[in-house]
Amino acid sequence: MKRYIRLLGVLLILFSSCSDFLEEKSQDLIIPKSVKDYREFLFGEAYIRDETQIHTYLDIMTDDVKENIKGSFLGGDTRASGYGYYTWQADPEQTVSGAISEDKAWETYYHSILICNITLDNIGDISGSKAEKEDLKAEAYALRAYCYFMLVNLYGQPYNQATAETDLGVPVNDVVGMEDRKFVRESVAEIYRQIESDLKEAITCFKASNLTKTCFRWNLPATYLLASRVSLYKKEYDKAIEYATYVIAAQPQLYDLSAMSDDDYFLNEKNPEILFTYGYYLVSYYAWLAKCNFPISDDLQALYGDNDWRLTHFFYKRGAVYTAQKSETSGTTGIYGYAFRTAEAYLNRAEAYAGKGDKDKALQDLKTIREKRLKVYEEVQAVTKEDVIRRVREERRRELSFEFHRWFDLRRWDRPRIEHTFTPDIKQPDVVEKYVLEKDDPAYTLPLPRSVVEYDPTLVDNPRPQRENQNVTGENRFCVIGSNAGRGDGVCCFDVAVAMIYGDNFDAFQFFHLLNSSSKNLIVIKNALFSVDLL
């Protein structure tokens, strides 16, 4: 009874409208009592479904995008809300206008974790068959593992065996009711132990239940795929191979892109490699009708080439640029926006084989994918272990683009230097800013969301440097016309490497301060010619 009272208090405050079984015309709240009730409760409150759109910024932080300011005249500038992420600002939630684009990933995933906790805590007191209860437990464990996996890879340090015990991860939330409690960030290693424990329980329970599942609910193959991903991130290659092999044995077929209709989206109900589907795909940053957006980068486009079906089936071409368009709304595709799919199992296994130095097996897995992706099959050319690793990474980049993988892959591989350009004012297209994410930059880890830090200032945040425009493309030559210009009378020309020009935003007074002069009647003329009367 105490358990139900505690659950009732949580439901009253948080979940009074989550699904049909919690709705009564009399406005009385019904306490879930059966497996069926809890399945609806879990699905309605914890699953990431097509109305949930979170961390859409992940891919615009990578080398897979660039800016485009010459799109359609119909839409707006979709770059604005993503400016802080695209340019790796210390506060990425701040848009180019200074408004806040709230990061809801933390809130969403911890909400799901709470629902999983409640479900698991009450499962012994509800009605239903043993198989049904085992299946419900499995879903809750798998979903909780996924939430922690996403949280630690968004806000924790990349997994490094040498430092994982001390690197900051995220808090573990083990509450099942209403508690006025503050949390501390656990180590990355501790969070991975939590994830692995939940995955082990999920696999055991799914095997015990042995129920037929659809791709809309967590299931055994999807859980094994997540387990292979976790092991790969930890460089536990034997485990990654073992788990991926189970997925491939259970569902080996890949989507043959040569037979895919031009009217279909790649992620659709006819795709045979879909294991589990979740989330909402339509991302404003990639909207091809927008005036300004983030299409795919030149080097990603070149990585596909004309012989690759993925270039036309994964992306929409408008003019000279391609924008991500792998999916659509569930009403159009028959599934949710994102998916766990068999292709990742082949790629996880190939990367693990490559890491172990097993060249032939790694290349065989790449071949299996490429046979379904290329118009005319081409063998992968790789001689050394390093060659194979590079080819596997390239194939992973092609195949899993814009499915929330690239940012995490960059973090765990080598955290390379990335440059992005940004045009502040599309009416001045020649004034372009450049931002650089340096190799091993602290900004490869996101700061905690503003709302989290404001609620609990004692929670340790991730340090991020201020990110300034670096678009100095050489020396700028300035001419100051007048007398007593600090270097003698008449016209004085000199090079100023530290000065930068941003149209009317150029700080002329700071510039003249460098000359130990003062000025009045300053007229700013394009191309860095300044005519001044000096006192």
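Quick note: structure is the one above.
Fair warning: this is a prediction, and the values are worked out from it, not measured in the lab. Per chain, the residues get numbers from 1 upward, laid out in the order the sequence is written. Under the rules for a predicted model, residues below a pLDDT of 70 receive no local features and side-chain atom pairs below 80 are neither given nor counted, while totals for whole chains, interfaces and linings still include all residues. Heavy atoms throughout the structure, all of them, feed into the side-chain values; hydrogens and water do not.

Participant: Where do I start with the overall build of the protein in this structure?
Facilitator: For helices the rule is a DSSP run of H or I covering at least 4 residues; for strands it is a run of E covering at least 2, with both sets numbered from the N terminus onward. Helix and strand content of the protein: 17 helices and ten strands. We call a residue buried when its accessible area falls under 20% of the maximum for its residue type, exposed when it is over 50%, and partly exposed in between, using a 1.4 Å probe and counting protein chains only. Every one of the 535 residues in the protein was classed for burial, and the buried ones make up 54%. Sequence-distant contacts in the protein: of pairs separated by 6 or more residues, those separated by 24 or more amount to 69%. We get accessible surface area from the Shrake-Rupley algorithm with a probe of 1.4 Å; when it comes to residues, only the shown protein chains can shield them. Split by element, the accessible area of the protein, about 24,100 Å² in all, is 48% carbon and sulfur. In this description, contact between two residues means that some pair of their heavy atoms is separated by no more than 4.5 Å.

Participant: Would you explain the environment of Ile335 in this entry?
Facilitator: Looking at where Ile335 falls in the secondary structure, it is placed in the loop between helix H11 (330–333) and strand S4 (338–341). Setting aside residues up to four positions removed in sequence, Ile335 forms contacts with Cys215, Phe216, Leu267, Asn268, Glu269, Ile274, Thr277, Thr329 and Ser330.

Participant: Teacher, can you tell me more about the pairing of strand S3 (residues 321–324) here?
Facilitator: Note on strand geometry: in a regular strand, side chains alternate between the two faces of the sheet. Of the two faces of S3, the one lined by Val321 and Thr323 and the one lined by Tyr322 and Ala324 are each fully buried. Pairing between strands requires that DSSP locate at least two bridges from one strand to the other. Where strand S2 (residues 315–318) lies against S3, four bridges are found, and the strand directions are antiparallel. Each residue of the ladder has a partner; that of Lys317, found in S3, is Tyr322. The antiparallel pairing of S2 with S3 creates a hairpin that spans two residues between the two strands, and Gly319 there sits at a positive phi of about 65 degrees.

Participant: Is there a simple way to explain the pairing of S4 in this structure?
Facilitator: Burial along S4 is two-sided: Tyr338 and Phe340 and Ala339 and Arg341, pointing in opposite directions, are all buried. As defined by bridge partners, strand S1 (residues 274–278) adjoins S4 across four bridges and the pair is classed as antiparallel. Bridging from a neighbouring strand, Thr277 pairs with Ala339 of S4.

Participant: When you look at unusual backbone geometry in this model, what are you seeing that I'm missing?
Facilitator: Glycine aside, residues mostly have negative phi, and peptide bonds are mostly found in the trans state. Unusually for a residue other than glycine, Trp88 sits at a positive phi of about 55 degrees. For Trp88, the location among the structural elements is in the loop between helix H3 (83–86) and helix H4 (105–122). Here the phi dihedral of Asp440 falls at roughly 60 degrees; this positive angle occurs in a residue that is not glycine. You can see Asp440 is positioned in the loop between strand S6 (433–437) and helix H16 (450–455).

Participant: Teacher, can you tell me more about the packing of helix H2 (residues 35–45) against helix H5 (residues 130–155) here?
Facilitator: The relative placement of two packed helices comes down to the angle between their axes together with the axis-to-axis distance. Under this scheme, a helix contributes an axis fitted over its contacting stretch, all axes are lines through C-alpha atoms, and angles between N-to-C directions fall in the 0 to 180 degree range. The interhelical angle for the contact between H2 and H5, taken along N-to-C directions, is 15 degrees, at an axis separation of 10 Å. Between H2 and H5, the crossing angle belongs to the class labelled roughly parallel. The two elements H2 and H5 meet at a crossing, and its hand is left-handed. Contacts from Val35, Tyr38, Arg39 and Leu42 of H2 reach H5 at Glu132, Lys133, Asp135, Leu136, Glu139 and Ala140. Residue composition of the contact of H2 with H5, grouped by class: five nonpolar, no polar and five charged. When describing relative orientation, an angle under 35 degrees is termed roughly parallel and one over 145 degrees roughly antiparallel, while 65 to 115 degrees is termed roughly perpendicular and anything else oblique. In a left-handed crossing the near helix is turned counterclockwise from the far helix by less than a right angle, and in a right-handed crossing that turn is clockwise. Note on residue classes: Ala, Val, Leu, Ile, Met, Phe, Trp, Tyr, Cys and Pro are nonpolar, Asp, Glu, Lys and Arg are charged, and everything else, Gly too, is polar.

None of this, on its own, says anything about what the molecule does.
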